[in-house]
Each structure stands twice: as structure tokens, then as C-alpha cells.
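As a plain string of letters, each chain reads:
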Amino acid sequence: MLDIEFAVEATGGYTNDYVELNGRPHTIKIRLLDGEHTFESEPFDLGILPAVENRRLLGQLTFRYSFDEKNGLVTVCGTDFDSSEAMCLLTVPEGTSEFCYQRASSGGFLADDLMANLHWNYRTLLTPGLDEVFTRMARSANESLIAALTETVGLSTQVRMHPPELTSDEYLQLLTVYRDGTFLGLYEQGQELGPKDMIYTVESVFGGEVTMSYGEAFANVIGSTADPKIGGLTWIMLWAKQFGMYPTQCTSYLSQGFPCGPTMVGGHVVSGKSAKKIPNGSNSVYIYPICIQHNNNDSVYMEALTYLKGIWLKNYMGS
């Protein structure tokens, strides 16, 4: 297990005849447990509701995470990742069961999240702008959580995200074909498919971003050359598209005196000091910019020096 603290920002206060927020910041403590879990924080005080018998308004944060304690790897949802497992701020008048749910992302179901209660509903003309206050709180809490995780020494953090914005042509080039769980190649329009063939889109491959600790060791994935090239782009261009810059140097530049060259590729890598084969379906294969010399040498390990952020692939080479 691992103890982490993160913050819920001060709202700056909000006051009218129906809601009075105190605007205080809050510190949230979480103990990460090995495996997959849903975290629910202790309730914290947000203010009072004059229109609901002056009851206290309580807040509570909830989100889903996974923690691989042995390998020091945690996975959470990104702030803009639309999922029922993402960060959510619950608000409830004390002593009632009238919960409202404010999700950090734009997803959710309005009727279920806000409109089902008799008294507590903050998306009406009676409380203008209050939903924006709660949205900021939920989003800032998630950003604070991710920052706390990525700053923890010895911990790698995977953040679930949607793929980068693509043109329609690029998206079509992402389509890949599998037969009985085995990768066949990129899909070509008009290609004749058999009854056991399946077409997969980028969403089934792209997991999000991963952040390694500075100096963290990683090594090549053996046998990754058959892995489909997302979107018709080279892996290095996908990395550049995700992070908004083209890499100019090997992530492990000159580590241990290794003679890095100037040409970069998007290398399939895995945490640790040994190159290894990765079983199909793994969620721990990453794309980092590395030089061709490192990419072609499975006898050395690398270190995260120039770039700490990479792309993580879900269901690697899986069915």
C-alpha cells in the first residue's frame, strides 16, 4: 500500500439565498491498495443550504484506480477522460440521501446526476454558475491527484486519455485487422474479410499517457516489430502529436555512456532493466522516443532522462 495526499482547491466562496459555500480548501488522503479499487474520500464541509433548513452541504470525492504494488504502477483517469470511473464530486445536504454528481469530465447522465432530487439540484436558475464552481473543484482535484502521483519517487503513473485529435483520413488509417486474436495488418478499404476477422479502431489500442520517474530504467520489448502502426503514422509521429512537439533527443541520451545517434524512433519499451517479450493483452507497453541505436540493442537498458512522458498501449497485440 502507498499513502498519497492531494488537494481540493478553495472555491472562492459562493453566496445567494439558496447556497452559501465557505470557499475553504481541503486535503484528501488516499491509501493506494494493490489491485483495482473505487476510492471514496471522507466527507468534507462545503457550506450551508439556507433553503434546505440550513443544513450543511457535504462534499465527497470518488474515483476508480488500479495499483500494481509489485511493479510500482498506478492507473487513473485523466481529467478529460469520459468514464464512469473518473473523478466525481458528490454533494449532499447533511442527513439526506439527495446526492448530486459533478464529474470532472463532460460525461455523465444529467437526469441521474442532478435532476432526480426533490430539493438539492444546483443546475437551475436559482443557483447560477454553481455548476461551474463544482466543475472546477472536481477538475482541480483530479489534476492535484495526478500531480501527487507523478511526483512520487519510484512510482510510474498511467493516465487514461482519449487519443489525440486526428483527421478522418488519419483515423481510417488506424483500422487494424485481427484473425482469431492474431494481428494480420492494417485494414485497406475494400479488403475482403473472413468470418473470423475483426476490425479494430485506435480507441482499442491507445491507453493514454504514462509518466516515469526521472532516471527510471526501461528496456526494449522483444518482438514488437509486428505491432500495428497506429493511424498510418510512425510511432514517433504519434508521440509528437500527443505531446505537441517532435523529439530532438533520445529519452536515454548518453545514459551510461551509450553512443546515441541523431535519428529518433518510437520505441516499444517496458519498465525494468531487461529486454523481454510481452504477452498479448498486456497494459504495460510504452512508446518513448529513443535513438535507432538503442532500439536495435536489446542487451542494454535505458533511463528516462530527456522525456518522462510516453504513450501507453492497452491490450498490447491482444485480441
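Preceding block: the structure.
Residues numbered from 1 in each chain as written. Predicted model: local features only at pLDDT ≥ 70, side-chain atom pairs only at ≥ 80, totals over all residues. Heavy atoms only, no water.

**A short note on the layout of surface pockets**
Thought 1: Reported here for the largest pocket is a volume of approximately 650 Å³.
Thought 2: As for the largest pocket, its lining consists of 30 residues, of which S66, L73, T75, Q158 and N283 are closest to the centre.
Thought 3: It is strand β7 (residues 55-68) that provides the largest number of residues to the lining of the largest pocket, a total of 5 residues.
Thought 4: Tallied by class, residues from the lining of the largest pocket come to 11 nonpolar, 11 polar and 8 charged. (1 Å grid on protein atoms, 1.4 Å probe; cavity = no way out; pocket = protein on both sides within 12 Å on 5 of 7 lines; lining within 4 Å. Points joined across faces, edges and corners; volume = space filled by probe spheres on them. Helix = DSSP H or I, 4+ residues; strand = E, 2+ residues; numbered from the N terminus. Nonpolar A, V, L, I, M, F, W, Y, C, P; charged D, E, K, R; others polar.)

**Some points on the environment of T150**
Thought 1: Tracing the sequence through the fold places T150 in helix α2 (residues 130-150).
Thought 2: Along the sequence, T150 and Q293 sit 143 residues apart, while their C-alpha atoms lie 29 Å from each other.
Thought 3: Of note is the side chain of T150, whose polar atom sits 3.1 Å from the backbone oxygen of A147. (Polar contact = N/O pair within 3.5 Å; in protein donor to acceptor, adjacent residues only side chain to side chain.)

**Re the pattern of salt bridges**
Thought 1: Inspection of every chain in the model, using the stated rule, returns 11 salt bridges.
Thought 2: Measuring nitrogen to oxygen at the nearest pair gives 2.9 Å for the salt bridge that ties E53 to R55. (Salt bridge = Lys/Arg side-chain N within 4 Å of Asp/Glu carboxyl O.)

**Side note on the state of the cysteines**
Thought 1: Per the stated rule, a full pass over the model turns up 0 disulfides.
Thought 2: Unpaired in this structure, C88 has its nearest cysteine sulfur neighbour in C100, at a distance of 10 Å.
Thought 3: Using a relative accessible area of 3% as the deciding quantity, one classes C88 as buried. (Disulfide = S-S within 2.5 Å. Buried < 20%, exposed > 50% of the residue type's maximum accessible area, 1.4 Å probe, protein only.)

**Examining unusual backbone geometry**
Thought 1: In this structure, L254 takes a positive phi of about 60° despite not being glycine.
Thought 2: Within the secondary structure layout, L254 lies in the loop between α4 (235-243) and β17 (264-271).
Thought 3: With phi around 55°, Q256 is a residue other than glycine that occupies positive phi space.
Thought 4: Along the polypeptide, Q256 turns up in the loop between α4 and β17.

**Some words on the side chain of T211**
Thought 1: Along the chain, T211 turns up in strand β15 (residues 206-211).
Thought 2: A polar side-chain atom of T211 sits 3.0 Å from a polar atom in the side chain of K309.
Thought 3: In this structure, T211 is in contact with T150, L155, S156, T157, Y288, L308 and K309, ignoring residues within four places of it in sequence. (Contact = heavy atoms within 4.5 Å.)

Scope: geometric values only; no functional claims are made or implied.
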